[in-house]
Amino acid sequence: MVDAGAVVAGMPDAGAPGPGMTVLCATCGVESQEPLPETCPICADERQWVPLHGQRWTSVDVQQREGMRIDVVELEPRLWALTSEPAVGIGQRALLVQTAEGNLLWDPLGTITDAAVEQVRELGGLSAVVASHPHMFGVQCAWADALDARVLVNARDASWIQREHARIELWDDEVDLLPGVRLIRFGGHFPGAAVVLWEQGSGGAGSLLAGDTIQPKPDRASVAFMRSYPNNIPLSAGVVRRLADHAATLRFRRLYGNIPGQLVEDGPGAVARSADRHIAWVTGEHDDLT
Ligand SMILES: [Zn+2]
Ligand SMILES: [Zn+2]
């Protein structure tokens, strides 16, 4: 265990209330708690990485004093993206889905600001905060505390929780979070890796908020299915077939990833084509091209 005061510059006095006290790993942006481990377990895992200079921790208080800003931008009616400047951790954008009965914050950022909390409150507040998988936990409990929301974590990934909190509820395979907003476990990248099917998205055709359970690629026409994206560890042909078959049972058009700009308009087509391509490559069908 390390003394956080020694590694986090300007850590406020222990016991002070508010999100500023939230301590997080500077590399993955996931909130943690005292006593801090020597190394963040999420970053030490083969799916992530510890930087060359070693483990670093920070806090929301430090981020705010260094001028952290969160922009809230509408992507399509009733869907908003939250991005931070500078980017934190893995650099995800959070997505906020608005419904008449409450809002979902998906893949919460590894930071929070008073101004962003106020903007989210003006959009109707939050009912639930949910990450697609542990890399995206961000400061989920800080967001939930600030806006009085539930936090849902898939039971299969509960061992990756770095900050225990009374607001955290475990879930299994599917949860109807809000009207037309369904949380669905796919597995693959993590056993509990999930997507959100938002029925009213894409002008009523449905949108899939896929985190990186299924990751949109820069060509905007394909997606990837990986155990690790930074370390390039592929999933097997069987698992990719299972994920693609599961996606094919859902009605949606756009597929949104967890990094700013990640979007494919023809989600079902991209998933089907990319799954076939992935399976062909990992089973040796194209070995003559290598
Ligand atoms: Zn980490
Ligand atoms: Zn990930």
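Residues numbered from 1 in each chain as written. Chains lettered and ligands numbered in written order. Predicted model: local features only at pLDDT ≥ 70, side-chain atom pairs only at ≥ 80, totals over all residues. Heavy atoms only, no water.

> Pulling in residues and values, what's your account of the state of the cysteines?
Following the criterion strictly, the structure yields zero disulfides and no others. In this structure cysteine 141 is not part of a disulfide, and its nearest cysteine sulfur, from cysteine 28, lies 14 Å away. Classification of cysteine 141 by relative accessible area gives buried; the value is 0%. (Disulfide = S-S within 2.5 Å. Buried < 20%, exposed > 50% of the residue type's maximum accessible area, 1.4 Å probe, protein only.)

> For the coordination of the zinc ion (ligand 2), give the residues involved together with the corresponding values.
Here the zinc ion (ligand 2) is held by His133 (NE2), His135 (ND1) and His189 (NE2), and the distances to it run 2.1 to 2.2 Å. Counting gaps between the donor residues of the zinc ion (ligand 2) yields the pattern H-x1-H-x53-H. One end of the pair, histidine 133, is in the loop between strand E8 (128–130) and helix H5 (140–147); the other, histidine 189, is in the loop between strand E12 (181–185) and strand E13 (194–198), with 56 residues separating them in the sequence. Judged by its relative accessible area of 1%, histidine 133 falls in the buried class. (Donors = N, O, S within 2.8 Å, 3.2 Å for Na, K, Ca; no water. Helix = DSSP H or I, 4+ residues; strand = E, 2+ residues; numbered from the N terminus.)

> I'd like a description of the domain arrangement of the chain, backed by residues and values.
Partitioning the chain into structural domains gives domain 1 (13–65) and domain 2 (69–282). On a C-alpha basis, the centroid separation for the pair domain 1 and domain 2 is 22 Å. Listed as interface residues are 21 residues of domain 1 and, on the opposing side, 28 residues of domain 2. Buried surface at the junction of domain 1 and domain 2, summed over both partners, amounts to about 2,200 Å²; 52% is from carbon and sulfur atoms. The largest share of the area that domain 1 buries against domain 2 comes from Glu31, Ile42 and Arg47, three residues that together contribute 35% of it. At the boundary of domain 1 and domain 2, one finds two salt bridges. Taken together, domain 1 and domain 2 are joined by 13 residue pairs in polar contact (both at pLDDT 80 or more). Ranked by the residues each element gives to the side of domain 1 that touches domain 2, the list is headed by helix H3 (residues 60–65), at three residues. (Domains from an automatic or database assignment. Contact = heavy atoms within 4.5 Å. Buried area = accessible area lost by both parts, 1.4 Å probe. Salt bridge = Lys/Arg side-chain N within 4 Å of Asp/Glu carboxyl O. Polar contact = N/O pair within 3.5 Å; in protein donor to acceptor, adjacent residues only side chain to side chain.)

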